[in-house]
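Each chain, letter by letter, is given below.
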Amino acid sequence: MQRSIVEELGDRLAAPEEFGSEALVACDAVVRIFRSGGVEVQALQGLDLLVHAGEMVAVVGASGSGKSTLLRILSAADAPSAGRVRVGRWDLGALSARDRVAYRRTVVGTVRQQTARNLVPYLTARQNVALPLTLAGAPRRQRAARVGELLDLVGLADAGGRRPGELSGGEQQRVAIAVALANGPRLLLADEPTGELDTATGQQVFDALRAAQRDAGTTVVVVTHDPTVSGQVERTVAIRDGRTSSEVLRRPRPGDDGAAAVVAEEYAVMDRAGRVQVPREYREALELTRRVRLQLEADHVTLRPDGTGGTGGTGGSGGDGGRAAPDAPARRRRHGAA
Ligand SMILES: Nc1ncnc2c1ncn2[C@@H]1O[C@H](COP(=O)(O)OP(=O)(O)O)[C@@H](O)[C@H]1O
Ligand SMILES: [Mg+2]
């Protein structure tokens, strides 16, 4: 079920101690710092994200903005440096080695951009899809039926006997989706699954992701650069500098009988401390710099340039919590071992 960002933000204010408790995926102020040779890279800088069960969410953002890092953390291939990541009942910052294996085997499925790395080259499509079922101990009869079902779901019922080398890139990605879905994960993570494909083939891969969501009921998070993908998803989350910066929601146009008509609306994302990122174009157009004036109106808040040249004085007169902090450092909470 699609919920508006406004409802979501309302929830955060109402119950700050239970951030996203109703969501399947809740990322709360997630930080991931990489250190190598004395250099520190903050790949995620306090990222907040909620994904509800049954949703398909596209994640977009410039190269290096932290998209793959986020997906690796959600798949438990990597762990956050700080902040909280929960998927269902699983706290991904505190998984034991055994839970991590169980989580990766039963809760998430992943598809990578590099088509060649998703499948075992010497096994047929059918054998590739059967592999995770065998590892999970599924009985042979059940396995065969499930493999048929999954290949059908991704539109490749007739390709079961072919090896990856005999499949196109798009077909390989669709088999990879079937493999990822084999053990019935609640969450499917796909990192640029159409990145190596042309538009038409990419569309078929997208259709397979859509089938995973609509027909198999899997929650899907797909990282993409591909506008044909992000343009079809109900919710697109943009990451900038390791944080969610804006969201686009696409909804059917109200009162319109043309089935294909949708309205896309862009929202800025407010984090739990009340921080909102003002887009660069807006800042430049009005020369918004370090200090801005915030004012609470009956049903909205205005944000104006300081107007004093940016030094001295007490600046804006906003209401409670009405201080913008554009250059506040990323919140860093140590991940306690509690
Ligand atoms: N294992 C790693 N070691 C060091 N730096 C890394 C590592 N993984 C990612 N980074 C850095 O973290 C930032 C985010 O990377 P990534 O999540 O791959 O971005 P995206 O997928 O959005 O292109 C980049 O600056 C990248 O160089
Ligand atoms: Mg990436």
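This structure is a prediction, so every number in the text was calculated from the model and none was measured.

Participant: Please clarify how the overall build of the chain should be interpreted in this entry.
Facilitator: In terms of regular secondary structure, the chain is built from ten helices and 13 strands. Taking all 338 residues of the chain together, the buried fraction comes to 34%. Sequence-distant contacts, at least 24 apart, represent 64% of the contacts inside the chain between residues at least 6 apart.

Participant: Before we go on, may I ask you to explain the pairing of strand β4 (residues 82-87) in this structure?
Facilitator: It is a general feature of regular strands that their side chains alternate between the two faces of the sheet. Relative to β4, strand β1 (residues 25-36) runs antiparallel, the two sharing five bridges. Its bridge partner lying in β4, aspartate 28 is registered against arginine 84. With two bridges connecting them, β4 and strand β5 (residues 90-91) associate as antiparallel partners. Across the sheet, the residue bridging to arginine 86 is aspartate 91, located in β5. Linkage of β4 to β5, two consecutive antiparallel strands, is achieved through a turn of two residues, within which glycine 88 is found at a positive phi near 55°.

Participant: Help me understand the sheet that holds strand β9 (residues 235-240), please; the structure alone is not making it clear to me.
Facilitator: The strands that make up a sheet pair up through hydrogen bonds in the backbone, lying either parallel or antiparallel. A sheet is described by the order of its strands in space; here seven strands give the open sequence β6-β7-β8-β3-β9-β10-β11, paired in mixed fashion. Each edge of the open sheet carries a strand with a single partner, namely β6 (108-111) and β11 (262-268). Between one strand axis and the next, the sheet turns through 20° on average, direction left out of account. Helix α7 (residues 169-181) rests against β6 and β7 (187-191) of the sheet, and its axis sits at about 165° to β6.

Participant: What exactly am I supposed to notice about unusual backbone geometry here?
Facilitator: Peptide bonds are, in most cases, trans, and in most cases residues other than glycine have a negative phi. For alanine 29, which is not a glycine, the phi torsion comes out positive at approximately 50°. With respect to the helices and strands, alanine 29 occurs in strand β1. Of note, the phi angle at glutamate 287 is positive, near 50°, even though the residue is not glycine. Looking at the secondary structure, you find glutamate 287 in the loop between α10 (280-285) and β12 (292-296). Of the residues examined, glutamate 287 has 10 C-beta atoms within 10 Å and is grouped as exposed.

Participant: For this particular structure, what's the right way to read the sheet that holds β5?
Facilitator: Sheet architecture is open: four strands sit in the order β2-β1-β4-β5, paired in antiparallel fashion. Strands at the two margins of the open sheet, each flanked by one partner only, are β2 (39-51) and β5.

Participant: Is there a simple way to think about the site of ligand 1 in this case?
Facilitator: As a matter of local geometry, ligand 1 sits amid Phe34, Ser36, Val41, Ala43, Gly61, Ser63, Gly64, Ser65, Gly66, Lys67, Ser68 and Thr69. Sorting the residues of the shell around ligand 1 by element identifies β1, β2 and α2 (67-74) as the ones contributing at least two each. With three residues, α2 is the largest single contributor of residues to the shell around ligand 1. When its residues are assigned to classes, the shell around ligand 1 shows three nonpolar, eight polar and one charged.

Participant: What is the right way to look at the packing of helix α5 (residues 125-135) against α7 in this model?
Facilitator: Where α5 meets α7, the closest approach of the two axes is 7 Å, and the angle between their N-to-C directions is 25°. As far as their axial angle goes, α7 and α5 are roughly parallel. Considering the relative orientation of α5 and α7, their crossing is right-handed. Across from Ala125, Asn128, Val129 and Pro132 in α5, the residues of α7 making contact are Val175, Ala178 and Val179. Residue composition of the contact of α5 with α7, grouped by class: six nonpolar, one polar and no charged.

Analysis parameters
- Residues numbered from 1 in each chain as written.
- Chains lettered and ligands numbered in written order.
- Predicted model: local features only at pLDDT ≥ 70, side-chain atom pairs only at ≥ 80, totals over all residues.
- Helix = DSSP H or I, 4+ residues; strand = E, 2+ residues; numbered from the N terminus.
- Buried ≥ 20, exposed ≤ 12 C-beta atoms within 10 Å, placed from the backbone.
- Contact = placed C-beta atoms within 7 Å.
- Pairing = 2+ DSSP bridges.
- Axes fitted to C-alpha atoms, helices over the stretch in contact; angles between N-to-C directions.
- Near = placed C-beta within 6 Å.
- Nonpolar A, V, L, I, M, F, W, Y, C, P; charged D, E, K, R; others polar.
- Parallel < 35°, antiparallel > 145°, perpendicular 65-115°, else oblique.
- Left-handed = near helix turned anticlockwise from the far one by under 90°.

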